[in-house]
Amino acid sequence: DARVTQTPRDKVTEMGQEVTMRCQPILGHNTVFWYRQTMMQGLELLAYFRNRAPLDDSGMPKDRFSAEMPDATLATLKIQPSEPRDSAVYFCASGLGRDDTGELFFGEGSRLTVL
Amino acid sequence: GQNIDQPTEMTATEGAIVQINCTYQTSGFNGLFWYQQHAGEAPTFLSYNVLDGLEEKGRFSSFLSRSKGYSYLLLKELQMKDSASYLCAVRADSWGKFQFGAGTQVVVTP
């Protein structure tokens, strides 16, 4: 059945390294979101796309984070350089925007640990 | 500013009823959603309200008052598997910009 797929599921890296997380949204969905979840902050919206165009990335630290959708089947979130405070679970979600409920479908998340 | 408030934790016994309240102040409103998240898993959709009133879906009901900026999620006939975090979320625009509350951890005891 249709689901959002994220890779990697788990990533442990050293401070200063580049991290790239990938997401395959559900086919046909036109909105894609990146969220970060920590115990302290809950789910924070980092960036979202509509029809592959970035709509809002105001929640993202611009100096080190970047989000792109090179095509309709792939969204990426990159951190360069990574820092220990970036340790969190990063969720990708997709949706149909203006359909009846517009609910979001979440991927399983990428757990990032920066040492 | 934008704010979504819900209690941090609630405990209830199996078979009981629990009501999770959510108050919100956001710059846009296009629907109020409730999601369930089990530990270590992704959030999953539970319910949606865009008009005032009660929506019932099996053991779960959700209520919305737009004038009061208030919603609640009612869980009836609690089961052990209902132990999870329940996230209140406001969709700020018609394209789905969601803002989430911090979540309410519900603990169901035997």
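Quick summary incoming for the structure in this document. (Residues numbered from 1 in each chain as written. Chains lettered and ligands numbered in written order. Predicted model: local features only at pLDDT ≥ 70, side-chain atom pairs only at ≥ 80, totals over all residues. Heavy atoms only, no water.)

**With respect to the sheet that holds strand E7 (residues 60-65) of chain B**
Residues and elements named next belong to chain B.
Now for step 1: Ordered by their spatial adjacency, five strands build an open sheet running E1-E3-E8-E7-E6, and the pairing between neighbours is antiparallel. Pairing within the sheet leaves two strands with one partner each, and these edge strands are strand E1 (3-5) and strand E6 (53-57). The sheet shows a mean angle of 15° between the axes of neighbouring strands, taken without regard to direction.
Now for step 2: In terms of strand pairing, E7 meets strand E8 (residues 70-75) through six bridges, oriented antiparallel. Residue Ser 62 lies in a different strand from E8, and its bridge partner there is Leu 73. (Pairing = 2+ DSSP bridges. Helix = DSSP H or I, 4+ residues; strand = E, 2+ residues; numbered from the N terminus. Axes fitted to C-alpha atoms, helices over the stretch in contact; angles between N-to-C directions.)

**Some remarks on the interface of chain B and chain A**
Now for step 1: Counting residues at the interface gives 17 residues for chain B, matched by 21 residues for chain A.
Now for step 2: Taken together, the two surfaces of chain B and chain A that pack against each other cover about 1800 Å², and 56% of this comes from carbon and sulfur.
Now for step 3: The three residues of chain B that bury the most area against chain A are Trp 95, Lys 97 and Phe 100 of chain B, which together make up 38% of that side's buried surface.
Now for step 4: The interface formed by chain B and chain A holds zero salt bridges in total.
Now for step 5: Run the count over chain B and chain A and you get three residue pairs in polar contact (both at pLDDT 80 or more).
Now for step 6: Within the residue set of the side of chain B that touches chain A, elements represented by two or more residues are strand E4 (32-37), strand E5 (44-49), strand E9 (84-91) and strand E10 (98-100) of chain B.
Now for step 7: No other element matches E4 of chain B, which puts three residues into the side of chain B that touches chain A. (Contact = heavy atoms within 4.5 Å. Buried area = accessible area lost by both parts, 1.4 Å probe. Salt bridge = Lys/Arg side-chain N within 4 Å of Asp/Glu carboxyl O. Polar contact = N/O pair within 3.5 Å; in protein donor to acceptor, adjacent residues only side chain to side chain.)

**Description of the sheet that holds strand E7 (residues 65-71) of chain A**
Residues and elements named next belong to chain A.
Now for step 1: The strand order E1-E3-E8-E7 describes an open sheet built from four strands, whose pairing is antiparallel. What marks the edges here is a single partner per strand, and that holds for strand E1 (5-7) and E7. Ignoring which end each strand starts from, the neighbouring axes of this sheet average 15° apart.
Now for step 2: Note that strand E3 (residues 19-24) and strand E8 (residues 74-79) share five bridges and pair antiparallel.

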